[in-house]
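Spelled out, the chains give:
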Amino acid sequence: ARALTPQTAETDAIRFLVGTQSLRYDNQIHIIDFDDENNIINKNVLLHQVGEIWHISTSPADKGVLSTCYNKTSDTKVMTCAAVWRMPKELESGSHESPDDSSSNTQTLQLLCHLDNTAHGNMACVMWEPMGDGKKIISLADNNILLWDLQESSSQAVLSSSAALEGKGQLKFTSGRWSPHHNCTQIATANDTTVRGWDTRSMRQIYCIENAHGQLVRDLDFNPNKQYYLASCGDDCKVKFWDTRNVTEPVKTLEEHSHWVWNVRYNHSHDQLILTGSSDSRVILSNMVSISSEPFGHMVDDDELSDQEDQHQEEKIKEPLQDSVIATYEEHEDSVYAVEWSSADPWLFASLSYDGRLVINRVPRALKYHILL
């Protein structure tokens, strides 16, 4: 397995979706519900009969709707296609008990529509408009950016605009993210060692970070609270943080992994918390507080302090807090291809390694209270 996503529209129950990559069996989407109070994982399985799943993402507006990018073999050629699906009604919202006998009631996904890529090539990923009504999606196919409108209860996808990468060599997108800022009119894409920004209204390039990494860029994520900040990671084992207004140098670089970094994710509520997963089989949680939206920590009201405390406090406020690695998680024995924060609980995250192991972890309690108090 290498595809993992939180159920974005589910903000009450802790829920993740995992897509499998079996060559011999029908592939599946596993709906993972985590019962926080009793530390129990419940699982429901949906059949995904069309091929191995390379990427999975969920609608921000409709709990029942998701998209997958999957491999399809036709006449000795393998194509990566994309489709939008609906899960069975009774599985849409979180916190379900697992069925006692899971073998007897594996259910199937309902196909809503295909994202037709016959003219455009292999689909790398599908992104949903972050604050949207679940009707706008962008897919990256080889060197094309395709903006789709989902119409009539998502049963049809109409291509509304597109853009193509031009230049020499093998131009292929590896990943992309839709920015939650600027009224959701910007996306960032990675191809080879380059990160580019695009305006979704004109489909034109707005910035370009050439040689962002020494080798292939694997993943990107936007800071949810600071509109110009972007994180990237790649095969040079590094994670870099950029201010897209000045792309000559990264603002910060993390060099904690010893192999390719597949995934980087900002915490949705506390943007100093950064998760990364790598083929060194480790997940690293970092505290990048100096480039976060609260670089000096939590500001204290003047009224609450006496004079002496006040002076001491002022000195403290002038120094930014130090960036550090908070924890390294070594529960995986294989490449960690995906890390994701829960949509419902900002202190909880999941990681997925290729051997199919999913691990759910919490931010260490001491740090949580340090951030909150």
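Residues numbered from 1 in each chain as written. Predicted model: local features only at pLDDT ≥ 70, side-chain atom pairs only at ≥ 80, totals over all residues. Heavy atoms only, no water.

Let us now look at the overall build of the protein. The number of helices and strands found in the protein is 2 helices and 28 strands. Relative to the compact-globule value of 21 Å for 373 residues, the protein shows a C-alpha radius of gyration of 21 Å, a close match. Each of the three principal axes of the protein carries a C-alpha extent, and together these read 75 × 55 × 40 Å. Sorting the 373 residues of the protein into buried and exposed places 53% on the buried side. A separation of at least 24 residues holds for 50% of the contacts in the protein among residues at least 6 apart in sequence. Carbon and sulfur atoms make up 43% of the accessible area of the protein, which amounts to about 17500 Å² in all. (Helix = DSSP H or I, 4+ residues; strand = E, 2+ residues; numbered from the N terminus. Rg over C-alpha atoms; globule rule 2.2 N^0.38 Å. Buried < 20%, exposed > 50% of the residue type's maximum accessible area, 1.4 Å probe, protein only. Contact = heavy atoms within 4.5 Å. Areas by Shrake-Rupley, 256 points an atom, 1.4 Å probe, with all protein chains shown as cover.)

Quick look at the sheet that holds strand 26 (residues 336-341) now. Pairing between sheet strands relies on hydrogen bonds along the backbone, with the strands arranged either parallel or antiparallel. Strands sit in the order 26-27-28 across an open sheet of 3 strands; the sheet is antiparallel. Strands with a single pairing partner mark the edges of an open sheet, and in this sheet they are strand 26 and strand 28 (358-362). Here the strands of the sheet are splayed against their neighbours by 20° on average, with no regard to which way each runs. Across 5 bridges, the pairing between strand 27 (residues 348-353) and strand 28 is antiparallel. Pairing of serine 351 across the sheet is with valine 359, part of strand 28. (Pairing = 2+ DSSP bridges. Axes fitted to C-alpha atoms, helices over the stretch in contact; angles between N-to-C directions.)

According to UniProt, the positions carrying the feature "repeat: WD" (unreviewed entry) are residues 210-246. Spanning residues 210-246, this segment combines 0% helix with 46% strand, and its end C-alpha atoms are found 12 Å apart. (UniProt positions renumbered as here; feature names shortened; annotations may be inferred.)

Moving on: empty space enclosed by the protein. In total, this model carries 1 cavity of 30 Å³ or more according to the counting rule given. Here the largest cavity is characterised by a volume of approximately 50 Å³. As for the largest cavity, its lining consists of Cys237, Val239, Leu254, Glu255, Glu256, His257, Thr276, Ile284 and Ser286. When grouped by side-chain class, the residues that make up the lining of the largest cavity number 4 nonpolar, 3 polar and 2 charged. (1 Å grid on protein atoms, 1.4 Å probe; cavity = no way out; pocket = protein on both sides within 12 Å on 5 of 7 lines; lining within 4 Å. Points joined across faces, edges and corners; volume = space filled by probe spheres on them. Nonpolar A, V, L, I, M, F, W, Y, C, P; charged D, E, K, R; others polar.)

Turning next to the nonpolar core. Counting 16 residues, the largest nonpolar core has Val84, Leu115, Met123 and Ile137 as its most contacted members. Only strand 6 (65-74), strand 7 (77-86), strand 9 (110-115), strand 10 (123-128), strand 11 (136-141) and strand 12 (144-151) provide two or more residues apiece to this core. The residues contacting valine 84, other than those within four sequence positions of it, are Val65, Leu66, Ser67, Gln110, Leu111, Leu112, Cys113, Leu115, Trp128, Ile137 and Leu150. (Core = buried A, V, L, I, M, F, W, Y, C linked by side-chain atoms within 4.5 Å.)

A few words now on the pattern of salt bridges. Throughout the structure, instances matching the rule amount to 15 salt bridges. We note a salt bridge from lysine 63 to glutamate 10, for which the minimum N-O separation is 3.4 Å. Highlighted residues: lysine 63 in the loop between strand 5 (53-58) and strand 6 and glutamate 10 in the loop between strand 1 (3-6) and strand 2 (14-19), separated in sequence by 53 residues. Judged by relative accessible area, which is 27%, lysine 63 ranks as partly exposed. For glutamate 10, a relative accessible area of 3% gives the class buried. Between arginine 357 and glutamate 333 there is a salt bridge, and its shortest N-O distance comes to 3.6 Å. With arginine 357 in the loop between strand 27 and strand 28 and glutamate 333 in the loop between strand 25 (324-329) and strand 26, the pair connects residues that are 24 residues apart, well separated along the chain. Overall, glutamate 333 belongs to the exposed group, its relative accessible area being 63%. Among the charged side chains, a network of salt bridges with common partners joins Asp62, Arg86, Lys89 and Glu92. (Salt bridge = Lys/Arg side-chain N within 4 Å of Asp/Glu carboxyl O.)

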